[in-house]
Amino acid sequence: MGNEVSQTTPSAPGAQALDARLQKKFRRGIDLNLKILVRGERKTGKSQLIRSIQTSTFHNTYTPTPALTVQSFQLPEAATDEVVKVDFWDVVDEAIPQKKGEKAADASTCNVYQGAHALIVLYDPREPLSFITAKDIIYNRPDHVPAVLCRNFTDCDSGNAVKTEEAVAWCAEAGVPLLQLSLRNAFGLRELFHFINSIYLDHRCRSLELSLALAREKKQRAETEFSSSCKEQNYEAFLSRLAAKQKVRRFPAQNSPHEFPLYSFC
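Residues numbered from 1 in each chain as written. Predicted model: local features only at pLDDT ≥ 70, side-chain atom pairs only at ≥ 80, totals over all residues. Heavy atoms only, no water.

1. What about the overall build of the protein?
Stage number 1. From N to C terminus, the protein includes six helices and seven strands.
Stage number 2. Across the protein, helices and strands are ordered from the amino to the carboxyl terminus as β-α-β-α-β-β-β-α-β-α-β-α-α.
Stage number 3. In the protein, which comprises 266 residues, the proportion classed as buried is 38%.
Stage number 4. Here the contacts in the protein between residues at least 6 apart in sequence split such that 70% fall between residues at least 24 apart.
Stage number 5. Carbon and sulfur atoms form 54% of the exposed surface of the protein, whose accessible area is close to 16,100 Å². (Helix = DSSP H or I, 4+ residues; strand = E, 2+ residues; numbered from the N terminus. Buried < 20%, exposed > 50% of the residue type's maximum accessible area, 1.4 Å probe, protein only. Contact = heavy atoms within 4.5 Å. Areas by Shrake-Rupley, 256 points an atom, 1.4 Å probe, with all protein chains shown as cover.)

In structure tokens:
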């Protein structure tokens, strides 16, 4: 897709260091760090989705992801003139231990929703259980986390146990969008980027609204102080304060340095 991507966020479970190019770019400063969760049953294409974003390649073989991993990329410059780092959390509900007795990071060992900005949930229409799991994930997410349900394997549209009409009806009732994907040929990825960009822009709008509210509060306070100062103007009192300051400057040792602030308004 033309976006720079790497495994990242050393503080996150399963994360690895950024590559040199992203390290150099992000070292200059990040305006926003988005955290996007990717969830669903195994074999629904979570890791392939992130791989498609990373390299625009498709792997026909399935390799189970053993534990929660994090991959990062920069939001395309066409979407924003700010530096926006996006962390994709490939969430595994139950990790596969690589060593006996090892407990790897998964959805049961950490609060994946902490600091999350959005949720992408995938399901395989050929597997009814994956649709049930996807619905449970969306129902049980925190209310403040926007979600999109992705119907993967659109290229395998024969013999589906979960009809598209059923998913459309459920999404309408749940108030979440339904996106069709075919990661074999990148179908639906453009729409997914629009979703991610909308999450960034929503955060940007709320930030600007807060800044505007603070600016209006300061403007009102300045107008009040201006009106009050105009009413309290007194030239004789001003001359008296000015003479006192000049006296302090001529005889600094005879006065406390804090008695008359030299840089205050007369």
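2. A look at the nonpolar core
Stage number 1. Ranked by size, the top nonpolar core spans 27 residues in total, and within it L34, L49, V86, F88, I120, L192 and F195 carry the most contacts.
Stage number 2. Looking at this core, the elements that each hand over two or more residues are β2 (32-39), α2 (46-55), β4 (84-90), β5 (118-123), β6 (147-151) and α5 (189-232).
Stage number 3. The element contributing the most residues to this core is α5, with seven residues.
Stage number 4. Excluding anything up to four places from it in sequence, F88 contacts I36, V38, I50, I53, T69, V70, Q71, F73, I120 and I196. (Core = buried A, V, L, I, M, F, W, Y, C linked by side-chain atoms within 4.5 Å.)

3. Some remarks on the layout of surface pockets
Stage number 1. Computed from the structure, the largest pocket encloses a volume of approximately 770 Å³.
Stage number 2. Within the residue set of the lining of the largest pocket, elements represented by two or more residues are α2 and α3 (128-139).
Stage number 3. The element that contributes the greatest number of residues to the lining of the largest pocket is α2, accounting for four residues. (1 Å grid on protein atoms, 1.4 Å probe; cavity = no way out; pocket = protein on both sides within 12 Å on 5 of 7 lines; lining within 4 Å. Points joined across faces, edges and corners; volume = space filled by probe spheres on them.)

4. Points about helix α6 (residues 235-250)
Stage number 1. An ideal rise of 1.5 Å per residue puts 22 Å on 16 residues; α6 measures up with 23 Å between its terminal C-alpha atoms.
Stage number 2. Capping of α6 at its N-terminal end is provided by N234; its side-chain oxygen lies 3.1 Å from the backbone amide nitrogen of E236. (Expected span 1.5 Å × (residues − 1). Polar contact = N/O pair within 3.5 Å; in protein donor to acceptor, adjacent residues only side chain to side chain.)

5. Topic: the pairing of β5
Stage number 1. Taken across its six residues, β5 has six buried, putting it largely inside the fold.
Stage number 2. With five bridges joining them, β5 and β6 adopt parallel strand pairing. Bridged to I120 within β6 is V148.
Stage number 3. With α3 bridging β5 and its parallel neighbour β6, the resulting β-α-β unit is right-handed. (Pairing = 2+ DSSP bridges. Right-handed = clockwise from strand over helix to strand, strands pointing away.)

6. Focus: the side chain of N160
Stage number 1. Residue placement: N160 occurs in the loop between β6 and α4 (164-174).
Stage number 2. Residue classification places N160 among the buried positions, given a relative accessible area of 8%.
Stage number 3. Residues in contact with N160, not counting those within four places in the same chain, are P125, R126 and R151.

7. With respect to the pattern of salt bridges
Stage number 1. According to the stated counting rule, one finds nine salt bridges in the structure shown.
Stage number 2. For E191, the salt bridge is made with R190, and the minimal N-O distance between the two is 3.6 Å.
Stage number 3. Overall, the relative accessible area of 59% leaves R190 in the exposed class.
Stage number 4. Across the pair K219 and E223 runs a salt bridge whose closest N-O atoms are separated by 2.7 Å. Pair noted here: K219 and E223 are both in helix α5, with a separation of four residues, about one helical turn. (Salt bridge = Lys/Arg side-chain N within 4 Å of Asp/Glu carboxyl O.)

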